[in-house]
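Take a look at the letters that make up each chain.
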Amino acid sequence: MAQLARTPKQLGEALRRYRTLAGLNQSDVAARAGLRQATISQIESGHGAAKIETICAILAALDLELMVGPRSKSSSEDIEDIF
């Protein structure tokens, strides 16, 4: 199930959903990614100051990958309504 994320908040919500589906808590993901639990919490809350290395570590810990593609024509508000 792919999820579209255009903002830090949407990315955080998507990561939280995948983490929950995997049956993991924030501490589990933090341990797998070599990060602090507080970092996972900040990212899941939509904190926008995350390094790309941090995001990549979390994606790897959740067995996810980042795909980049052209932006669709719908607005970010339309995307938020989906979630």
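## Some words on the pattern of salt bridges
Piece 1. Under the defined criterion, the tally for this structure stands at two salt bridges.
Piece 2. A salt bridge links Glu44 to Arg16, with the shortest nitrogen-to-oxygen separation between them at 3.5 Å. Placement of Glu44 in helix 3 (residues 37–44) and of Arg16 in helix 1 (residues 8–21) is noted, with a sequence separation of 28 residues between them.
Piece 3. Overall, the relative accessible area of 4% leaves Glu44 in the buried class.
Piece 4. The residue Glu44 makes a salt bridge to Arg19 at a minimum N-O spacing of 2.6 Å.

## Re the nonpolar core
Piece 1. By size, the foremost hydrophobic cluster in this structure holds twelve residues: Leu15, Leu24, Val29, Ala30, Ala33, Ile40, Ile43, Ile55, Ile58, Leu59, Ala61 and Leu62.
Piece 2. At the level of secondary structure, the elements contributing two or more residues to this core comprise helix 2 (26–33), helix 3 and helix 4 (52–61).
Piece 3. If one sorts the elements of this core by residue count, helix 4 sits on top with four residues.
Piece 4. Among residues more than four places away in sequence, those in contact with Leu24 are Arg19, Val29, Arg32 and Leu62.

## Thoughts on the environment of Leu62
Piece 1. When you line up the elements, Leu62 lands in the loop between helix 4 and helix 5 (76–82).
Piece 2. Given the relative accessible area of 13%, Leu62 is considered buried.
Piece 3. Measuring from C-alpha to C-alpha, the distance between Leu62 and Tyr18 comes to 7.3 Å, with 44 residues separating the pair along the chain.
Piece 4. Contact partners of Leu62, with chain neighbours within four places excluded, come to Leu15, Arg19, Leu24 and Val29.

Rules behind the numbers
- Residues numbered from 1 in each chain as written.
- Predicted model: local features only at pLDDT ≥ 70, side-chain atom pairs only at ≥ 80, totals over all residues.
- Heavy atoms only, no water.
- Salt bridge = Lys/Arg side-chain N within 4 Å of Asp/Glu carboxyl O.
- Helix = DSSP H or I, 4+ residues; strand = E, 2+ residues; numbered from the N terminus.
- Buried < 20%, exposed > 50% of the residue type's maximum accessible area, 1.4 Å probe, protein only.
- Core = buried A, V, L, I, M, F, W, Y, C linked by side-chain atoms within 4.5 Å.
- Contact = heavy atoms within 4.5 Å.

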